[in-house]
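Chain by chain, the residues:
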Amino acid sequence: MKSKKGFTVVELLVTLALISIIVVMSLRVGESVTANSRITGLINNFLADFSQAKLVASAENRYVAVTFAADGRSYSILKQTDVSSYVDWTLIKTVEPLSDRSFCTAADVSDFAVNSTGEVRSLPININASPAGVILKFFIRKKQGTPTDEIAYNRTIQIFPYGGLKVEKK
């Protein structure tokens with residue numbers, strides 16, 4: 001007849017080490033999934049706001065502008081106050097997609113406006129120049145999102161001169 005034996009210290013330590021490895025790996029996967037979903041949400045919300053800007057421009061027959069904050073934490077949507085002036089704007093809304101961190105730098109984005117026909121122009125508007133598309137680069141940084149942290153996910157949005165869009169993973 002066999003006697004019941006308990007686990008030895010070595011067996012307990014091996015089990016504890018294996019459980020620790022599994023927990024650490026699942027935390028890393030969880031961080032990755034969270035960062036990826038945050039950048040996807042950021043892009044989807046921006047694309048929805050751009051569509052809204054095009055609709056407002058079309059409905060009101062005026063330019064609607066998208067401007068980015070210098071700190072890279074927000075963007076604003078503004079509409080032309082007077083159709084004869086390209087310098088007076090009324091705020092529609094300000095969006096802060098990632099409340100705890102920046103999602104772009106001033107070098108990676110440029111302010112632009114869209115008109116009632118879908119033409120995209122850089123700000124300040126030069127009505128004599130041809131419409132010009134813009135390229136916007138958004139990102140999520142690893143860890144706490146400080147400017148020295150490595151970038152975990154990049155997305156580039158290309159807005160073509162007549163309002164078409166292309167989103168690329170980098």
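All residue numbers refer to positions counted from 1 along the written sequence of the respective chain. Per-residue local features are limited, in this predicted model, to residues with pLDDT of at least 70; the limit for side-chain atom pairs, both in listing and counting, is 80 or more; totals at the level of whole chains, interfaces and linings are taken over all residues. Hydrogens and water are ignored here; the side-chain numbers use all heavy atoms of the structure.

A. Representation of the overall build of the protein chain within the structure. Across its full length, the protein chain carries one helix and eight strands. On C-alpha atoms alone, the protein chain measures out to a radius of gyration of 24 Å, which is more than a quarter above the 15 Å that the 2.2 N^0.38 rule sets for 170 residues. Dimensions along the principal axes, computed over C-alpha positions, put the protein chain at roughly 100 × 30 × 25 Å. Out of the 170 residues belonging to the protein chain, those deemed buried represent 34%. Contacts: residue pairs with any heavy atoms within 4.5 Å of one another. Across the protein chain, contacts joining residues at least 24 apart in sequence account for 52% of those joining residues at least 6 apart. Every accessible area reported is derived by Shrake-Rupley at a probe size of 1.4 Å, with residue values counting cover from the shown protein chains alone. About 10,500 Å² of surface is accessible on the protein chain, with carbon and sulfur atoms providing 58% of the total. A positive count includes Lys and Arg, and a negative count includes Asp and Glu. His and the chain ends are not counted in either. Where a charge lies is defined by one atom per residue type, namely NZ (Lys), CZ (Arg), CG (Asp) and CD (Glu). Across the protein chain, the 20 positively charged side chains and the 15 negatively charged ones have centroids separated by 12 Å. A run of H or I in DSSP becomes a helix once it reaches four residues, and a run of E becomes a strand once it reaches two; helices and strands are each numbered from the N terminus. It is over C-alpha atoms that the radius of gyration is taken, and the globule rule equals 2.2 Å times the number of residues to the power 0.38. Between buried and exposed lies partly exposed: a residue is buried under 20% and exposed over 50% of the maximum accessible area for its type, with that area taken using a 1.4 Å probe on protein chains only.

B. Expanded view of the sheet that holds strand β7 (residues 151-159). Across the sheet, which stays open at both edges, the three strands sit in the order β6-β7-β8 with antiparallel pairing between neighbours. The sheet terminates laterally at β6 (134-141) and β8 (165-169), the two strands that pair on one side only. Taken over all neighbouring pairs, the strand axes of this sheet differ in orientation by 20° on average, direction set aside. Summarising the sheet, β7 and β8 pair through five bridges and their orientation is antiparallel. Across the sheet, the residue bridging to arginine 155 is lysine 169, located in β8. Paired strands, in this sense, are two strands between which DSSP finds at least two bridges. To get an axis, a line is fitted to the C-alpha atoms, and for a helix only the part in contact is used. The angle between two axes follows their N-to-C directions and goes from 0 to 180 degrees.

C. Fine view of the pairing of β7. Pairing between β6 and β7: eight bridges, direction antiparallel. Bridge pairing in β7 links isoleucine 135 to glutamine 158. Linking β7 back to β8 in an antiparallel pair, the connection comprises five residues, with glycine 163 at a positive phi of about 95°.

D. Fine view of the packing of aromatic side chains. Ring pairs shown here join Phe, Tyr and Trp side chains whose ring centres sit within 6.5 Å, with only the six-membered ring taken for Trp; geometry is labelled stacked below 30 degrees between planes, edge-to-face above 60, and tilted in between. Tallied over the entire structure, the rule returns nine aromatic pairs. Ring geometry for phenylalanine 46 versus tyrosine 75: centroids 5.3 Å apart, planes at 80°, classification edge-to-face. You can see phenylalanine 46 sitting in helix α1 (residues 9-60) and its partner tyrosine 75 sitting in strand β2 (residues 75-80), a full 29 residues away along the chain. This pair shows no difference in class: phenylalanine 46 is buried, exactly as tyrosine 75 is. Following the ring pairs from residue to residue traces out a cluster consisting of Phe46, Phe68, Tyr75, Phe103 and Phe138.

E. Just the pattern of salt bridges, in detail. By definition, a salt bridge exists where a carboxyl oxygen of Asp or Glu is found within 4 Å of a side-chain nitrogen of Lys or Arg. Counting across every chain of the model gives seven salt bridges. A salt bridge links aspartate 49 to lysine 93; the nearest nitrogen and oxygen atoms lie 2.7 Å apart. You can see aspartate 49 sitting in helix α1 and its partner lysine 93 sitting in strand β3 (residues 89-95), a full 44 residues away along the chain. The class of lysine 93 is partly exposed, set by a relative accessible area of 29%.

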